[in-house]
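Residues per chain, in single letters:
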Amino acid sequence: MTVAAAVILALTGVNLLTFGVFAFDKWLARNRWRRIPEPWLLALALVGGSPAAKLGQHSLRHKTRKLRFARRLNAIVAIHGGLAIAAIVAKSYELPGFG
């Protein structure tokens, strides 16, 4: 397995887990049970689950009123976007260490 394939597989797993945790937390909220702490949800987004976190936030209408949470999640998405752009640019210039 190539490194790229391993990264894609890992990110797919993290995103599936993240969406599942967001859905479960929404279910807990509807049933008025103890919730998953926001730092855990943000940590899942930070380790690569930001696409699923945003998808879960919007499709499940979850944590949409929590402005502080939304700002932090948006910051994580922006960081991931910047890293992706940097990786693409670095690859196009064939910089050492990015090959």
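Residues numbered from 1 in each chain as written. Predicted model: local features only at pLDDT ≥ 70, side-chain atom pairs only at ≥ 80, totals over all residues. Heavy atoms only, no water.

Undergrad: So, the environment of Ala43: which residues are in play, and what are the values?
TA: If you trace the backbone, Ala43 turns up in helix α2 (residues 38-59). Each C-alpha atom of the pair Ala43 and Leu67 lies 17 Å from the other, and the pair is 24 residues apart in sequence. (Helix = DSSP H or I, 4+ residues; strand = E, 2+ residues; numbered from the N terminus.)

Undergrad: Describe the environment of Gly13, naming the residues involved and giving the relevant values.
TA: Relative to the assigned elements, Gly13 resides in helix α1 (residues 3-30). Remark: the alpha-carbon pair of Gly13 and Gly49, spanning 36 residues in sequence, is separated by 8.7 Å.

Undergrad: Describe α2, naming the residues involved and giving the relevant values.
TA: An ideal rise of 1.5 Å per residue puts 32 Å on 22 residues; α2 reaches only 18 Å between its terminal C-alpha atoms. Along its length, α2 reaches its greatest deviation from straightness, about 130 degrees, at Gly49, and the proline Pro51 lies no more than four positions downstream. Looking only at α2, the buried set comprises Leu41, Leu42, Leu44, Ala45, Gly48, Gly49, Ser50, Ala52, Ala53, Lys54, Gly56 and Gln57. Remark: Arg61 follows α2 within two positions and exhibits a positive phi of approximately 50 degrees. (Expected span 1.5 Å × (residues − 1). Bend = angle between axes of the 7 residues up to and from the residue. Buried < 20%, exposed > 50% of the residue type's maximum accessible area, 1.4 Å probe, protein only.)

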